[in-house]
Amino acid sequence: AGGRSGPNLVTSRGAAASRARGIRRSMDGEETPIVLTFNTNDVNQHLLCPLCNGYFRQAHTITECLHTFCRSCLIRAFSRGRTTCPQCDVALSTRPLEKAIFDGTLQAIVDKCFPHLEREDAEREAEFYAQRGIKRKQTTTAASDAPPRHAPRRTPQRREEQRPLGSPAAGPAPRTPPGQVAAMPGTAGAATGV
């Protein structure tokens, strides 16, 4: 589903273009794929990992400074004890990998522009496991290897259970039976017959 690619030219057509709504319909209903051609030198600086100088593979963006790296490059840097961004040295934490999230949008751009990279990665990975005699689980796409985009969200508490910090942990006020008025603080009791 890819097009031609050369050292300075990328063309996208066919199924990939139609998934991105790259189909032009004429007045008589004829469909024509839209072809996008651009010079890769114009976008290379945005698609290259500053650590390995290669195109992003499993692109991960650090949430503190928004710098992006290959997942394996980040793991390598952090496993050597680094706790700051490899590009700008912003402090992350004692567990810096938690501050990096998978950047599916940027990775999809790289994969669309250079479809051969994903294919080559899959071939090298298969060769790696075959050389070591390791059986792998069958997956349908390489995207399934990508980590989840976000951590699971906590379910918010119900409105009546939310209390400001420092407030007493007592439960909700008791309900007044029908036909009675609740007693106000400092009064003798509840009045009846409302």
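Our structure's up above, just so we're on the same page.
Definitions and limits used
- Starting from 1, residues in each chain are numbered consecutively following that chain's sequence as written.
- Residues qualify for local features only when their pLDDT is at least 70, as the model is predicted, and side-chain atom pairs are given and counted only at 80 or more; totals for whole chains, interfaces and linings, by contrast, use all residues.
- Excluding hydrogens and water, the side-chain values take into account all heavy atoms of the structure.
- A pair of Phe, Tyr and Trp rings is counted when the ring centres sit within 6.5 Å of each other, with Trp represented by its six-membered ring. The angle between the planes then sorts it: under 30 degrees is stacked, over 60 is edge-to-face, the rest tilted.
- Exposed residues in this analysis have more than 50% of their type's maximum accessible area, buried residues have under 20%, and partly exposed residues fall in between, with area computed by a 1.4 Å probe over protein chains only.
- Throughout, an axis means a line fitted to C-alpha atoms (over the contacting stretch in the case of helices), and angles, computed between N-to-C directions, take values from 0 to 180 degrees.
- Every helix listed is a DSSP run of H or I at least four residues long, and every strand listed is a run of E at least two residues long, numbered separately from the N terminus.
- Convention used here: angles under 35 degrees read as roughly parallel, angles over 145 as roughly antiparallel, angles from 65 to 115 as roughly perpendicular, and any remaining angle as oblique.
- In what follows, residue pairs with any heavy atoms lying within 4.5 Å of each other are defined as contacts.
- As used here, the term nonpolar core means buried Ala, Val, Leu, Ile, Met, Phe, Trp, Tyr and Cys residues forming a set that is joined through side-chain atoms within 4.5 Å.
- Multiply 1.5 Å by the residue count of a helix minus one, and that product is the helix's expected span.
- By this definition, two strands are paired if DSSP reports at least two bridges between them.

Enquirer: Is there a simple way to think about the packing of aromatic side chains in this case?
Expert: Aromatic ring pairs: the centre-centre distance and the angle between the two ring planes describe each pair. All told, the structure shown has two aromatic pairs when counted by the stated rule. For the pair Phe-128 and Tyr-129, a centre-to-centre distance of 5.3 Å together with 85 degrees between the ring planes defines the contact as edge-to-face. Residue Phe-128 is classed as partly exposed on the basis of its relative accessible area, which comes to 38%. Judged by relative accessible area, Tyr-129 falls into the partly exposed class, the value being 25%.

Enquirer: Hey, could you run me through the packing of helix α4 (residues 104-113) against helix α5 (residues 115-132) in this one?
Expert: How two helices pack is summed up by the angle between their axes together with the distance between the axes. Where α4 contacts α5, the axes come no closer than 4 Å and their chain directions differ by 95 degrees. As judged from the angle between their axes, α4 and α5 are roughly perpendicular. Side by side, α4 and α5 meet where Val-110, Asp-111, Lys-112 and Cys-113 of the first sit next to Pro-115, Leu-117 and Glu-118 of the second.

Enquirer: I keep staring at the environment of Leu-51 and nothing clicks. Help me out?
Expert: Examined against the element boundaries, Leu-51 turns out to sit in the loop between α2 (44-47) and β5 (59-62). The sequence separation of Leu-51 and Gln-87 amounts to 36 residues, and the corresponding C-alpha distance is 8.4 Å. For Leu-51, the contacting residues outside a window of four places in its chain are Phe-69, Cys-73, Leu-74 and Pro-86.

Enquirer: Explain the nonpolar core here, please?
Expert: For soluble globular proteins, the rule of thumb is that nonpolar side chains tend to be buried together. Core analysis: the biggest nonpolar cluster contains 18 residues, and Cys-49, Phe-56, Ile-62, Phe-69, Leu-74, Val-110 and Phe-114 have the highest contact counts within it. At the level of secondary structure, the elements contributing two or more residues to this core comprise β5, β6 (68-70), α3 (71-79) and α4. Non-local contacts of Phe-56, meaning those with residues more than four positions away in its chain, are made with His-46, Leu-47, Leu-48, Cys-49, Thr-68, Phe-69, Cys-70, Leu-106, Gln-107 and Val-110.

Enquirer: I tried to follow α5 on my own but got confused; where do I start?
Expert: It helps to recall that an α-helix has 3.6 residues per turn; residues three or four apart then point in one direction. Compared with an ideal rise of 1.5 Å per residue, which puts 18 residues at 26 Å, α5 spans 27 Å between its outermost C-alpha atoms and is within 8% of the ideal. Taken from the residues just after α5, Gly-133 is the one with a positive phi, measuring 65 degrees.

Enquirer: Help me understand unusual backbone geometry, please; the structure alone is not making it clear to me.
Expert: Leaving glycine aside, a negative phi is the common case for residues, and trans is the common case for peptide bonds. The phi angle at Asn-53 is positive, at roughly 60 degrees, despite the residue not being glycine. Relative to the assigned elements, Asn-53 resides in the loop between α2 and β5. Overall, Asn-53 belongs to the exposed group, its relative accessible area being 61%.

Enquirer: Help me understand the sheet that holds strand β7 (residues 100-102) in this model?
Expert: Hydrogen bonds between backbone groups are what pair the strands of a sheet, and the pairing can be parallel or antiparallel. Taken in spatial order, the three strands line up as β6-β5-β7 in an open sheet, and their pairing is antiparallel. In this open sheet, the two edge strands, each paired with only one partner strand, are β6 and β7. Across the sheet, the axes of successive neighbouring strands diverge by a mean angle of 35 degrees, strand direction being ignored. Here β5 pairs with β7 via three bridges, running antiparallel. Within β7, the residue paired with His-60 across the bridge is Phe-102. Of the strands in this sheet, β5, β6 and β7 are in contact with α3, which crosses β6 at around 90 degrees.

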